[in-house]
Amino acid sequence: MPMQLDGSTARLIEVCGAEDAADLADWLRDGGTAVDVSEATHFHASLLQCFMVFRPTVEGLAESPAVSAVFAATVGWQEAARTGDPA
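Please read all numbers here as calculations on a predicted model, not as lab measurements.

### Here we look at helix 1 (residues 18-29)
Next up, step 1: Taking 1.5 Å of rise per residue, twelve residues should cover 16 Å, and helix 1 covers 17 Å from first to last C-alpha, within 8% of that figure.
Next up, step 2: For helix 1, the set of buried residues is D20, A21, L24, A25, W27 and L28. All buried residues of helix 1 lie within an arc of 165 degrees about the axis, which places them on one face of the element. In helix 1, those exposed residues whose orientation departs by more than 90 degrees from the buried face are E19 and R29.
Next up, step 3: Lining the buried residues of helix 1 we find strand 1 (3-6), strand 2 (9-16), strand 3 (34-43) and helix 2 (45-54).

Structure (structure tokens):
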């Protein structure tokens, strides 16, 4: 199962495809507040769009260096846009 939606925290697990983005977006729209990415090994860009639109709290770091790098760049850009701090 690539994603578990429990309470207020979603867990992205291993490979999460484009088909998971709609479920994540619906869950965040309905009040989900945090996403744990520590078990993600790959995720489709549409999931990054969910992070940019809904701005959930991010919990954990992906073990994959490639996933962590892409995710940090996206979330880092998002945080800079939110705070006005380009650093």
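### Re the packing of helix 1 against helix 2
Next up, step 1: Following both chains from N to C, one finds helix 1 and helix 2 inclined at 20 degrees, their axes separated by 8 Å at the closest point. Relative to helix 2, the element helix 1 is oriented roughly parallel. Handedness of the crossing formed by helix 1 with helix 2: right-handed. Mapping the contact onto sequence places A18, D20, A21, L24, A25, L28 and R29 in helix 1 and S46, L47, C50, F51 and F54 in helix 2.
Next up, step 2: Considered class by class, the residues forming the contact of helix 1 with helix 2 number nine nonpolar, one polar and two charged.

### Comments concerning the side chain of S46
Next up, step 1: Tracing the backbone through its elements, the reader meets S46 in helix 2.
Next up, step 2: The exposure class assigned to S46 is buried, which follows from its relative accessible area of 14%.
Next up, step 3: At a separation of 2.9 Å, a polar atom in the side chain of S46 contacts the side chain of H44.
Next up, step 4: Leaving out residues up to four positions away in the same chain, S46 has contacts with A18 and A21.

### A look at the sheet that holds strand 2
Next up, step 1: Read across the sheet, four strands follow the order 1-2-3-4 without closing on themselves; strand pairing throughout is mixed. The outermost strands of the open sheet, each flanked by one partner alone, are strand 1 and strand 4 (57-59). Between one strand axis and the next, the sheet turns through 20 degrees on average, direction left out of account.
Next up, step 2: Two strands pair when backbone bridges link them, and strand 2 and strand 3 are joined in this way by seven bridges, in the parallel orientation. Its bridge partner lying in strand 3, V15 is registered against H42.

Rules behind the numbers
The residue count restarts for each chain, going from 1 along the sequence in the order it is written. Where totals are concerned, whole chains, interfaces and linings use all residues; where local detail is concerned, this predicted model gives features only for residues with pLDDT of at least 70, and gives and counts side-chain atom pairs only at 80 or more. Working from all heavy atoms in the structure, the side-chain values ignore hydrogens and water. Helix and strand assignments follow DSSP, with helices taken as H or I runs no shorter than four residues and strands as E runs no shorter than two, numbered in order from the N terminus. Each residue after the first adds 1.5 Å to the expected span of a helix. Only protein chains enter the accessibility calculation, which uses a 1.4 Å probe; a residue is then buried when its area is under 20% of its type maximum, exposed when over 50%, and partly exposed in between. Summarising the geometry, the arc corresponds to the directions from the helix axis toward the C-beta atoms. Residues are treated as being in contact if the distance between any of their heavy atoms lies within 4.5 Å. Each axis is a line fitted through C-alpha atoms, taken for helices only over the stretch in contact, and angles between the N-to-C directions span 0 to 180 degrees. When describing relative orientation, an angle under 35 degrees is termed roughly parallel and one over 145 degrees roughly antiparallel, while 65 to 115 degrees is termed roughly perpendicular and anything else oblique. By definition, turning the near helix anticlockwise from the far helix through less than a right angle yields a left-handed crossing, and turning it clockwise yields a right-handed one. Nonpolar residues are Ala, Val, Leu, Ile, Met, Phe, Trp, Tyr, Cys and Pro. Charged residues are Asp, Glu, Lys and Arg, and all others, Gly as well, are polar. Definition of a polar contact: a pair of N or O atoms within 3.5 Å, with one able to donate and the other able to accept a hydrogen when the atoms are protein atoms, and with sequence-neighbouring residues admitted only if both atoms are side-chain atoms. Between any two strands, pairing holds if DSSP finds at least two bridges.

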